[in-house]
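Close look at the chain arrangement
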Amino acid sequence: MTEVSDGVLHTLFQSEQGGHEQVVLCQDRASGLKAVIAIHSTALGPALGGTRFYPYATEAEAVADALNLARGMSYKNAMVGLDHGGGKAVIIGDPERLRSEELLLAYGRFVASLGGRYVTACDVGTYVADMDVVARECRWTTGRSPENGGAGDSSVLTAFGVYQGMRASAQHVWGDPSLRGRRVGIAGVGKVGHHLVAHLLAEGAEIVITDVREDAVRRILDRHPEGVTAVAGTDALIRTEGLDIYAPCALGGALDGDSVPVLTAKVVCGAANNQLAHPGVEKDLADRGILYAPDYVVNAGGVIQVADELHGFDFERCRAKAAKIYDTTLAIFARAKADGIPPAAAADRIAEQRMHEAALRRGH
């Protein structure tokens with residue numbers, strides 16, 4: 001992995017995006033496992049974050065994603081008041097080809113070797129059934145099935161939290177939290193996106209969808225023949241006339257120098273992690289009068305659920321916590337206005353303050 005070393009060391013030890021406490025490279029040749037576990041911070045408690053299973057083009061891309069996602073989890077967990085730091089893991093490869101019991105058990109052993117510094121769960125490419133297997137080797141595993149003492153699919157509350165973030169955004173922009181009649185474009189209607197569609201339709205929103213998988217689009221259109229239309233690709237979606245809200249719900253980097261100038265929506269609020277492709281995009285959005293609801297705030301419903309599983313899961317308790325994402329999002333908008341900064345910067349300030357105070361208390 002010589003192509004990775006310089007960039008990784010720079011990110012870890014020199015860049016503003018670094019500061020990670022620990023990065024572990026994992027390999028089990030017998031099963032084909034190659035994984036990266038990144039722990040950004042344990043100032044607030046054990047690092048908590050999901051496991052992404054994805055066919056990265058290079059190992060360098062996989063490491064960079066793990067680092068970015070772990071850092072995002074620190075901010076997310078701090079922002080919603082969880083006693084957890086941030087961590088993330090990525091398994092390199094095509095999950096449809098490489099997923100096996102042997103690979104997941106080997107991965108579980110690596111997580112267990114960290115002794116509880118990192119608690120894992122589901123993410124893109126991994127599912128409840130996978131966490132059930134990982135848990136056979138690692139007790140620091142959440143997102144398991146109810147039959148195995150877990151909370152089940154965390155995408156349910158992730159979507160609910162994004163919906164609350166949209167309501168808060170509507171209140172801030174239009175003076176009314178109702179989404180009735182609003183035109184919402186959703187890029188990615190997989191695990192989270194299809195639940196989000198249901199929330200929005202129940203309130204009377206008009207929905208435009210796209211997904212790289214035709215079967216995912218077809219499932220939505222078959223299930224909801226009224227109120228949902230599809231377009232061919234994200235580029236067409238963001239240019240849709242009359243779009244009120246754009247919801248990136250697939251992979252990160254959706255907001256960049258190409259997409260922001262042509263985006264027709266007045267609000268961006270979606271479930272994807274790391275939506276801002278590079279520093280400065282949040283200012284570009286603000287300059288165009290587009291309100292950005294910070295991704296790690298509005299998509300925190302899932303981590304609220306998996307964190308609760310560690311203490312004996314109660315769905316209604318979690319749903320009540322996830323409902324507070326509405327108030328948290330409004331508070332961020334208010335802080336942004338008061339400080340004269342974009343909402344993403346305001347959210348970072350609040351999260352960093354909590355992590356800093358916790359680190360001082362714990363002597364970090």
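Only a predicted model underlies this, so the values are computations on that prediction, with no experimental measurement involved.

**Looking at the overall build of the chain**
When helices and strands are tallied, the chain shows 15 helices and twelve strands. Since a compact globule built from 364 residues should have a radius of gyration of about 21 Å, the 19 Å found for the chain is in line with a globular shape. Referenced to the eigenvectors of the C-alpha coordinate spread, the extents of the chain come out at roughly 50 × 45 × 45 Å. Pairs at least 24 residues apart make up 65% of the contacts formed inside the chain by residues separated by at least 6 positions.

**Points about the packing of helix α14 (residues 325-339) against helix α15 (residues 343-362)**
Pairs of packed helices are described in terms of their axes, by the angle between the two and the distance that separates them. Two numbers describe how α14 lies on α15: the axes approach to 8 Å, and their chain directions differ by 105°. As the angle between them shows, α14 and α15 are arranged roughly perpendicular. In this structure, α14 uses Ile332, Phe333, Arg335, Ala336 and Asp339 to contact α15, whose residues at the interface are Pro343, Ala346, Ala347, Arg349 and Ile350. Taken together, the residues of the contact of α14 with α15 break down into seven nonpolar, no polar and three charged.

**Topic: helix α8 (residues 214-223)**
For an α-helix, 3.6 residues make a turn, and residues three or four places apart therefore share a direction. For α8, every residue scored as buried is listed here: Ala216, Val217, Ile220 and Leu221. Projection of α8 onto a plane perpendicular to its axis shows the buried side chains occupying an angular sector of 130°, all on one side. Among the exposed residues of α8, those oriented more than 90 degrees off its buried face are Glu214, Asp215 and Asp222. Tucked into the core, α8 has its buried residues touching α7 (193-203), β8 (206-210) and β9 (228-230).

**Concerning the sheet that holds β9**
Taken in spatial order, the six strands of this open sheet run β9-β8-β7-β10-β11-β12, and their pairing is parallel. If you trace the sheet from one side to the other, it starts and ends with β9 and β12 (291-292), each paired once. Where strand β10 (residues 245-248) lies against strand β11 (residues 267-268), two bridges are found, and the strand directions are parallel. Following the sheet pairing, Tyr246 is matched in β11 by Val268.

**Focus on the environment of Ala106**
Relative to the assigned elements, Ala106 resides in helix α4 (residues 101-112). Among the residues examined, Ala106 registers a relative accessible area of 2% and is labelled buried. Taking the C-alpha atoms as reference, Ala106 lies 33 Å from Ala254; in sequence the two are 148 residues apart. Look past the residues within four positions of Ala106 in its chain and what remains in contact with it is Asp28, Ser31 and Leu33.

**Things to note about the pattern of salt bridges**
On inspection of all chains with the given rule, the structure shows 20 salt bridges. Where Glu96 meets Arg99, a salt bridge forms, and the shortest distance between an N and an O atom there is 3.6 Å. Using a relative accessible area of 25% as the deciding quantity, one classes Arg99 as partly exposed. Between Arg317 and Asp308 there is a salt bridge, with the nearest N and O atoms lying 2.9 Å from each other. Members of the salt-bridge network, linked through shared partners, are Arg52, Asp65, Lys88 and Asp123.

**Details of the pairing of strand β2 (residues 33-41)**
With respect to burial, β2 is a largely interior element, eight of its nine residues being buried. Where strand β1 (residues 22-28) hands over to β2, the hairpin turn is made up of four residues, of which Gly32 adopts a positive phi near 85°. Bridge count for β2 against strand β5 (residues 85-92) is six bridges, and the pairing is antiparallel. Counterpart to Ala38 in the pairing with β5 is Lys88.

What counts, and at which threshold
- Residues numbered from 1 in each chain as written.
- Predicted model: local features only at pLDDT ≥ 70, side-chain atom pairs only at ≥ 80, totals over all residues.
- Heavy atoms only, no water.
- Helix = DSSP H or I, 4+ residues; strand = E, 2+ residues; numbered from the N terminus.
- Rg over C-alpha atoms; globule rule 2.2 N^0.38 Å.
- Contact = heavy atoms within 4.5 Å.
- Axes fitted to C-alpha atoms, helices over the stretch in contact; angles between N-to-C directions.
- Parallel < 35°, antiparallel > 145°, perpendicular 65-115°, else oblique.
- Nonpolar A, V, L, I, M, F, W, Y, C, P; charged D, E, K, R; others polar.
- Buried < 20%, exposed > 50% of the residue type's maximum accessible area, 1.4 Å probe, protein only.
- Arc of directions from axis to C-beta.
- Pairing = 2+ DSSP bridges.
- Salt bridge = Lys/Arg side-chain N within 4 Å of Asp/Glu carboxyl O.

By themselves these figures say nothing about function.
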